[in-house]
Every structure is written in structure tokens, then in C-alpha cells.
Amino acid sequence: MRRSSMKIGSMKTAVLILFLAFHAAAQTDWIRTGTGLGVEKVRIAAPDFKASTGDAANAPLIKVFNETLFNDLESSGILDVVSKSFYPLQTPGSPAEIQLDAWGNPPPNAAMVAFGNLGKQGDDLAMQGWLFDVKNPQSPQVLGKQYRETATEDNARLIAHRFANEIIMRLGGGVAGIFESKIVFVSSRTGHKEIWIMDYDGAGQKQLTHLGSISLSPRISPDNSRIAYSTFGKRGIELSMYSLELGRNVSFPHFSGTNISPAWSADGTKIAWSSSMRGDPEIFIADGNGASPKRVTANKGRNLAPAWNPKTGSQIAFVSGRTGLPQLYVMETDGTNVQRMTETGYAVSPSWSPNGQFLTFAWRRNYGPGAPGAQDIYIMDIASKQWVQLTHSGGTNDYPSWSPDGRHIVFESTRGGSTQIWTMLADGSQQKQLTFGGHNQQPNWSFK
Amino acid sequence: MKQRKSTIYSVCALAILLVAGCGKKPAPKVPQAPPPPPPAPTASLSANPMSVQKGQPVQLTWSTTNATDVNIEGVGGVNASGTQSVTPQESTTYRLTARGPGGSQEATARVTVEGPVAAPPPSQQAADTSSDEQWLAGHVQDVFFDYDSADISPEAQRTIQANVQALGQRSTVRVTIEGHCDERGSTEYNLALGESRAAAVRSALTAAGMNASRINTISYGKEKPQCTEASESCWQKNRRGHFTITK
């Protein structure tokens, strides 16, 4: 008996060593999110857009536009944006002004140039922008766009995002850019945990709920019209529904007990969540308006944090404490074919990649009283169960949520002392803090 | 005569706990040589349920051996073994006395009656004027849990028993059990864990005789820690089922 368990033990060690060796070597190789991350990046220059009019109010609008566009391109994950210090002194504001050689040769050595002009015309802000392929002098224009919106800084940002989305659509293999997507999250900066919303880059942070209670786990619907979340009521934790169109809560059925961790199906017709309405916390699925709830899991121990496979809509990843510490599982939406994904530690908060291939989740691999080590963000290839650790900067990292293009992940981290929201590329690079005031947590990236 | 004898025996029966051999005192009255000492009686008494709303019946079940005279205080003389339904108007300790040639034996069963107390003695009312909140804080203890656990430990079970006893004294009080967790781990998982802890306290309370209709539960996960340092002693304080008055 002892011998056989030793045998198993040493086999396990051997397998682990093999895996670690393979893992270390393969860590940067196998991670192919199928989104263009990791392939050679297109080198692009984006000189500041020029003023098209002499309006005195131009300067702040143009500044916001240029900063936003440059940041969008840098954040995309598929472009190598040439530093502005390498640019020629003469920058173009229109096709007539561009000298392709000056951009295509060193020092900029760019393959693409995005350029244009904008300015205030009456009450409007008008913008013209182009994307030129420097290496194709016969027919350099890849893209030419015009935008006109009321002249506000928010609209200057919006126009920059739209133009950047067009560029990404052309250069990123046909995957739409994420620059108009939103992130909903929980902030305590007013003294209460309320639901907030912001742009993908942290701009435009806006409070939505004013309940003065504790509101948690906001999840935005696929059409960006509603936010499902949990809020503390007098008799338990209820699911609530906030309408972004009406700017207020809309009615949603009351379920008794603790109702947490809502999740939308990708078609927006269903909501899965965890409820103790019939005893142990179990996963339920109801229509998007809360009608006809059905229990999907049924076992002793806590089941929660469902995440739909957005590609197929037929699978749900979730967290279960059925064997002790919480682990990750995957099942069919009818509760069959339950498959355990993690074997050790403390694994929570799954989010499914848009292409259906990966899970991202928070994991403390060596969890237990007195055990060292941080809780970090990981991604796992579902078919092979191979994983890669994406955060290494300490603190407790949790609630990863995938961007609509599959190239980015937003998450919460305590690495700076307080809980704040960060983004990174899905390979762990370009980690960037988005929130700063109060505590901000549980980010959820919109479907589009 | 019989009544008087019975009284003497009762006194002896009560004294038997303190003075061994009391029951033997009548023996010298017997003129013949003493027979071998008769076996001492045994007795057991139970009530089901142990806690009821006022007006609800309770089933008393008892059994005795080696007894010739079995009496339940408030019920009267009964058979050696049996069951009987009673409807106590207030919390009552039923006392069974089994007497036989070998001595006597007592057994008791406590029934807690919940609901408005008809007429509490004025002195008692005057003695306890604390608000329900003050009273709860002084008489009912938090139930603590191990790391990542919603199991009721033996120590927690003792706390539960004491709390049920205390809550029997103020039967008008309705409580909400708050399930709390320490700061470690994920927000959502801790909400589920807190839910499990509150539910575990509730089922332990009802198993110990408290009426389920007096108990609500809510989970606070790690949202409302009572201690905010990152230390095990602090974490232990936060892993609890906390009692509040239901409003």
C-alpha cells in the first residue's frame, strides 16, 4: 500500500517536472488566442492630427483626440506604434502633404501611417483621417474617413475611438476594435459599493446606481442595454437589473436567499447565477427577465460564478466547493457532463474567451492557512487544460473578464495597496491601471 | 395515610441525591429478616418536540423499570411506560418520579414554550428592561467557524445550545443570522460561504429545539468584517455566524 502510494507520488513528481519543463519552454509558444496576439506586429506611425480651422477652442479638443488615438493604437495588441521621437519634422494633415519615403525609411521605418486633421466648425467638431500603406506608393490609401459630432471632449474621444476601430478592422484580421466597448465595475468611492461604468481605457467613469447599500458583480448584457448585478436587501442578496437606456433599475423577480454572480448568455436570452433559494448555493438558469428559473447543479457544497461559452452557448464554466476549496468546472447548460478543470489550490472567477477556446480565472495555486503566494490571473486552454500565469506582480488579483476582441483582459488587483482595476493583453503584457480613487473591483467587459 | 407516606417518600426521593441510604430508613419497621435488597428503579422521560409555540401539544414519552408507583408532576399517576400529550402554557420542566421497593428515581424533560408570555411576574419584567438588541448582545454569542468551513464544531455546538437556552428566555425575539467570512479569498465565493455558514447555524438552532420561524439568514461574505487586521486572530473573529434582531 505504502509502496504503491509512493509510486504514484513519484510518478506525479515526474509528470510535474516534465510538465514544468515543457511549460517553461512552451509558455510563450502555445498561447495562440487566435486573435493575432503574438504574430508579428504591424509597425504604424500616428503623427498628431493637425488643426483644420483657426478656432480658438481647437487646442484642447485636438489634444484629447491625439492622445486617445495614439493610446488606442498602442493598446490594440497587434500594432507596433512608432515612438513620436522618430517622426519627421514635417507631419502631414492631408494626403497632399505626406512624403511616404520619410515614413517608410529609418528612423520611423513604418509600414503604415495614420494621419489627418480636425477642428471646430461652428458647434461641431469635424475630422478627416487616413491610413496609408507606406510600402505601396502606387495606391497607398487603405482607409479614408470623415466624422462630425458636437464639439465636446467626449466626442473628440469618441471620434478617435471610431477611427482607431476602423484601423484595427483593416490591420487586425477583420476583428472589430474594442475602443467603443465599456467596462462596468463596483466602486466604493462614494462610501458605498455602487455600480459604475467607464470606457475601455478608464475614461468617462460614471456612477450608475445610488442605492446606499452594497451592490456587487455587475454583468452587462450582450446588447449593452442592461446590467444584471447583486444587491443587499433586507432579507438577503437579490438580483437586480439596471437599464442603461432608462438610467434606472427595472423590475426583476425576487428570489429568496443569497443570489449572486449573474452571467448572460451571448444571445442575451438567458441569465445564469447562483442562488440559495432552495438550500445550498446552486446554479440556476432563467430567461433574461428572470422568468422560469431552473436549477442546473445539485450537490452538497457551493456552486457559483457561472460563465457561458459565448461561442457555443451550450457550456458553462463555474466554481464549486464540492471537494473543499473552490475549483473550476465546466458543464453543459443542462448540468450534464461535468468536467473538473483545476485540481489544486483556490480557483475562482472564470470568464470565457470570445472564441470559446480559453478560460481566464483567478487562482491561488498553493492556497491554505499560512501558505505563501499570491492569487494571480491565469488562462487555460480548455481542450488541453494547459495554463499560463499572466500576472506576477503580487497582491491579490481577481475577476478577469475578456474583451470582445479576445486580445485583452480586465481584472482587479490589490498590488498597489488598494483594490483597483487593471487591463492587460491576453498574453500578460501591457498591464495598465485604469482606476485610482477609492476601491474599485469586479470589472466586467461588455460583449461589444 | 397513603398520601402522607407518599410525601415522605417524595422527600426521601429528593434527598436521595444528597444523603445515601435515605430510602432504607423505613426498613427497621419490617419485623422479618430482610430479603435481598430489591433492584433500584430506573426512569427516563423525553418530550417531543422540545420547543413549541404556545397552544401546541407536546408528546411526553417515558419508561421505567422496577417501579410500582410512577408519577409525573402536573400530569399525575401514570403507567410504568407510556406516552401522553400535554399542552403547556409556559415553559415547563416535567418531572417524573418512579418509586419501587428498591428506592426511587427521577427523570426530567424541559419543554420551551414560545410565543407571547401571558402574564410575566411583574418583578421579572422590572428586572429586565433592556432592549432586544441589548439583551441579545448580552446573552447570545457568535458561532465561530474554521477556515473555509461551514461545519459546526463541538465548541460551536455548545454555543448553539447556550444560545437556544437564552433565546428561550425571550421568546418574542426573532433573529437574523449573518454569515461572515474573513478577508481572504474571492468576494463571490465568500458570499456563498457566508450563506452556508448562516444556514448551518440555522439548522443547528432548529435541531436544538428553536422554532425555525424565528430565524432568518443573510450572508455578508467578507463585506462587513468586525476586525480588519490581516492576522489569524482577526480572521478567526470574522469567520462567524452573528445574531441580530430581525426588524
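Predicted, not measured: the structure shown is a model, and the values here were computed from it.

Caption draft 1: Expanded view of the overall build of chain B. Scanning chain B from N- to C-terminus turns up 6 helices and 12 strands. Classification of the 247 residues of chain B by burial places 32% in the buried group. Across chain B, contacts joining residues at least 24 apart in sequence account for 68% of those joining residues at least 6 apart.

Caption draft 2: Geometry of the confidence of the model for chain A. The pLDDT averaged across chain A works out to 91; a share of 90% of its residues lies at or above 70. Counted against residues more than four places away or in other chains, residues 1–30 of chain A, with its pLDDT under 50, gives 2 contacts.

Caption draft 3: Just the pairing of strand β3 (residues 58–65) of chain B, in detail. All names here are of chain B. Here β3 shows a buried face lined by Val58, Leu60, Trp62 and Thr64 and an unburied face lined by Gln59, Thr61, Ser63 and Thr65. Two elements, strand β1 (residues 42–48) and β3, share 7 bridges in a ladder whose sense is antiparallel. Within β3, the residue paired with Thr42 across the bridge is Thr65. Relative to strand β6 (residues 81–86), β3 runs antiparallel, the two being bridged by 6 bridges. The partner of Thr61 across the bridge, within β6, is Thr83.

Caption draft 4: Just the environment of A:Leu143, in detail. Residues and elements named next belong to chain A. When you line up the elements, Leu143 lands in strand β6 (residues 141–150). Residue classification places Leu143 among the partly exposed residues on the basis of 17 C-beta atoms within 10 Å. Between the C-alpha atom of Leu143 and that of Ile167, which follows or precedes it by 24 residues, the distance is 7.6 Å. Apart from residues lying up to four places away in sequence, Leu143 is in contact with Trp130, Leu131, Glu166, Ile167 and Arg170.

Caption draft 5: Local environment of the sheet that holds strand β20 (residues 327–332) of chain A. Residue and element names in this part refer to chain A. Ordered in space as β18-β19-β20-β21, the 4 strands form an open sheet in which the pairing is antiparallel. Looking at the sheet topology across the chains shown, the edges are occupied by β18 (303–308) and β21 (339–340). Bridge count for β20 against β21 is 2 bridges, and the pairing is antiparallel. Bridge assignment links Tyr329 to a residue of β21, and that residue is Arg340.

Caption draft 6: Representation of the environment of A:Gly406 in the model. Residue and element names in this part refer to chain A. As for its position among the elements, Gly406 is in the loop between β26 (397–402) and β27 (408–413). The class for Gly406 is buried, based on 23 C-beta atoms found within 10 Å. Along the chain, Gly406 and Gly394 lie 12 residues apart, while their C-alpha atoms are 24 Å from each other.

Caption draft 7: Expanded view of helix α5 (residues 187–207) of chain B. Between its terminal C-alpha atoms α5(B) stretches 30 Å, which fits the 30 Å expected from 21 residues at 1.5 Å a residue. Judged by how many residues are buried, α5(B) sits mostly within the fold: 18 of 21 residues are covered.

Caption draft 8: Spatial organisation of the packing of helix α2 (residues 58–75) of chain A against helix α4 (residues 153–171) of chain A. Residue and element names in this part refer to chain A. It is the contact of α2 with α4, at a shortest axis distance of 8 Å, that shows an interaxial angle of 35 degrees. The handedness of the crossing between α2 and α4 comes out as right-handed. Residue-level inspection shows Pro60, Leu61, Val64, Phe65, Thr68, Leu69, Asp72 and Leu73 of α2 in contact with α4, the latter providing Glu153, Ala156, Arg157, Ile159, Ala160, His161, Phe163, Ala164 and Ile167. Here the contact of α2 with α4 is built from residues that sort into 12 nonpolar, 2 polar and 3 charged.

Caption draft 9: Just the nonpolar core, in detail. Counting residues in hydrophobic clusters, the biggest one holds 139 residues, and the most contacted among them are A:Ile44, A:Met112 and A:Val113. Top contributing element to this core by residue count: α5(B), with 10 residues. Setting aside chain neighbours within four positions, we find A:Met112 in contact with A:Val42, A:Ile44, A:Leu131, A:Phe132, A:Asp133, A:Val134 and A:Leu171. One finds B:Val58, B:Trp62, B:Tyr94 and B:Val113 within the second-largest nonpolar core, a separate group that totals 15 residues.

Caption draft 10: Inspection of the interface of chain B and chain A at higher detail. Opposite the 16 residues of chain B that make contact, chain A presents 27 residues. When contributions to the side of chain B that touches chain A are tallied by element, the ones reaching two or more residues are α5 and β11 (215–221) of chain B. At 8 residues, α5(B) tops the list of elements feeding residues into the side of chain B that touches chain A. The residue makeup of the side of chain B that touches chain A, split by class, is 6 nonpolar, 6 polar and 4 charged.

Caption draft 11: Region of the structure containing unusual backbone geometry. Residue and element names in this part refer to chain A. Going from Pro106 to Pro107, the amide bond is cis rather than trans, its omega being 5 degrees. Tracing the chain through its elements places Pro107 in the loop between α3 (100–104) and β4 (112–121). Even without a glycine there, the phi angle at Ala305 is positive, about 55 degrees. When the 31 C-beta atoms within 10 Å are taken as the criterion, Ala305 is described as buried. Here Asn337, not a glycine, exhibits a phi torsion of approximately 55 degrees, which is positive. As for its placement among the helices and strands, Asn337 is situated in the loop between β20 and β21. Since 9 C-beta atoms lie within 10 Å of it, Asn337 is described here as exposed.

Definitions and limits used
Residues numbered from 1 in each chain as written. Chains lettered and ligands numbered in written order. Predicted model: local features only at pLDDT ≥ 70, side-chain atom pairs only at ≥ 80, totals over all residues. Helix = DSSP H or I, 4+ residues; strand = E, 2+ residues; numbered from the N terminus. Buried ≥ 20, exposed ≤ 12 C-beta atoms within 10 Å, placed from the backbone. Contact = placed C-beta atoms within 7 Å. pLDDT = per-residue confidence, 0-100. Pairing = 2+ DSSP bridges. Expected span 1.5 Å × (residues − 1). Axes fitted to C-alpha atoms, helices over the stretch in contact; angles between N-to-C directions. Left-handed = near helix turned anticlockwise from the far one by under 90°. Nonpolar A, V, L, I, M, F, W, Y, C, P; charged D, E, K, R; others polar. Core = buried A, V, L, I, M, F, W, Y, C linked by C-beta atoms within 7 Å.

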